[in-house]
Amino acid sequence: MARVEWQLLFVDDDTCVGRQVKEYLDGQVVGNSDDVLRVQTISDFDSALSEMEARRIDLLILDVRLGPHDQDQLQGGMTKDVANIAEEAGIRIIEAVRVRRFVPVVFYTGLDYKVRDMKSPVVWVVEKTRGLEELLRTIREVFDTALLQTNRALVQHLENVQRDYMWDFVAEHWNSFAEGADRRELAYLLAKRLAVSLSGSGIQQLAQNMGDTTGEFTSGERVHPMYCYLLPPVESTPLAGDLYHGTIGGEVGYWILITPSCDMVSGREKADFMLFSRCLPLAEQSEFRDWKANLPEPSKAISGKLKSLLRNNRQGGQSERFYFLPGALTLPDLVADFQRLVALPRNESTDLERKASLDSPFAEAFLARFSRYFGRLGTPDLDVDSVISRLNH
């Protein structure tokens, strides 16, 4: 693979510190290859924000800057108001960055105690007295998380799809778009193209660009468990197939919404109650317990029962009582039980945490299974022996 140059923007109103950081970090090797850092320094935060909008920045490193006006006040003695400004400086900086784009941040500051509470998987803090070696070590830790690689891979993927579509299709058919008054046509076409590029083989390509080497993210008609979900949910209105966590009727756990989505539409709600199915841990299912108890070599029959549960391919009557929901990210492996239903007043659902939505076609398959289970109609067994006897004459 070609060497990657990662763009780092360092912001500090002390130009001497900026020069030292650039001399030390520029060209340093990061990651598990010969990728290197390329460092640009800026002494004014407002200019740094403009620079972020003008070009791709992979990592932002900055001081907790107070600004010239605030520093003048500090020279005359720190008043309570100025102290508050210092306390809020880091928060204001992060908010200014967030409204523009996503970029991981490393605070390199003598005021580390002002931003220590902001530390997270995307915000790091290094105290200046620990020196440039500690700063480089932290930057390498950020790269080890693969956060930067993932972010760049996603952005490049979307840019490549948009680039090809605009050059190869839109440019060729622009007269058709220009003659129409409804510009939403182009918006729909591009959005659909982006959506398709993030499904099927597009997901596999994106995963490879993010560092996946298995080549098995999607294969034929088999999909990764994460493919089943939108996490967190995209729509603000609850939808059938939404997965919740919380307490209903004194019972804590996971619940999946069965109420039709059309009854939940904001502004014209038809459902006063929300119908949920209880979702139990897979480990509580007899098929899983039998399989676990017979490891390392469970019989084909035992393994077959577990696989049938996991594939949701058991057909007919009581066998359709359960629906498997695969674990993904923070979601555990669950099994929805259609015999354990509960109706909750809609105004009481606010205490539940909406964790994820089943994506299409899995949401539809879940609802179809529920409908089959409760819509089944028992009939006497047909006397097939008499039919065969008749056919034999």
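The coordinates are above.
Keep in mind that what you see is a predicted model, and the values were worked out from it rather than measured.

**Student:** Explanation requested: unusual backbone geometry in the structure shown.
**Tutor:** In most cases, non-glycine residues show a negative phi, while peptide bonds are predominantly trans. A cis amide bond links leucine 295 to the next residue, proline 296, at an omega of 10°. With respect to the element layout, proline 296 can be found in the loop between α11 (286–293) and α12 (300–311). The omega torsion of the bond from serine 360 to proline 361 falls at 5°, within 30 degrees of zero and hence cis. A positive phi is found at alanine 146, a non-glycine position, where the angle reads about 70°.

**Student:** Hey, could you run me through the pattern of salt bridges in this one?
**Tutor:** Pairs may arise between side chains of opposite charge once their charged atoms sit close together. Per the counting criterion, the structure on display carries 20 salt bridges. Between aspartate 63 and lysine 128 there is a salt bridge; the shortest N-O distance is 3.3 Å. Placement of aspartate 63 in the loop between β4 (59–62) and α3 (68–75) and of lysine 128 in the loop between β6 (123–127) and α6 (131–144) is noted, with a sequence separation of 65 residues between them. Note on aspartate 63: relative accessible area 13%, which makes it buried. The class for lysine 128 is partly exposed, based on a relative accessible area of 22%. Salt bridges here are not isolated pairs; linked through shared partners, they connect Arg3, Glu5, Asp26 and Arg38.

Cut-offs used in this document
Position numbers for residues start from 1 in each chain and track the written sequence from start to end. In keeping with the predicted nature of the model, local features appear solely for residues at pLDDT of at least 70, side-chain atom pairs appear and are counted solely at 80 or more, and the whole-chain, interface and lining totals rest on all residues. Side-chain calculation: all heavy atoms of the structure are included, whereas hydrogens and water are not. A helix here means a DSSP run of H or I that spans at least four residues, while a strand means a run of E at least two residues long, and both kinds are numbered starting from the N terminus. Between Lys or Arg on one side and Asp or Glu on the other, a salt bridge is scored when a side-chain nitrogen of the former is within 4 Å of a carboxyl oxygen of the latter. Three exposure classes are used, based on accessible area relative to the maximum for each residue type with a 1.4 Å probe and protein chains only: buried under 20%, partly exposed in between, and exposed over 50%.

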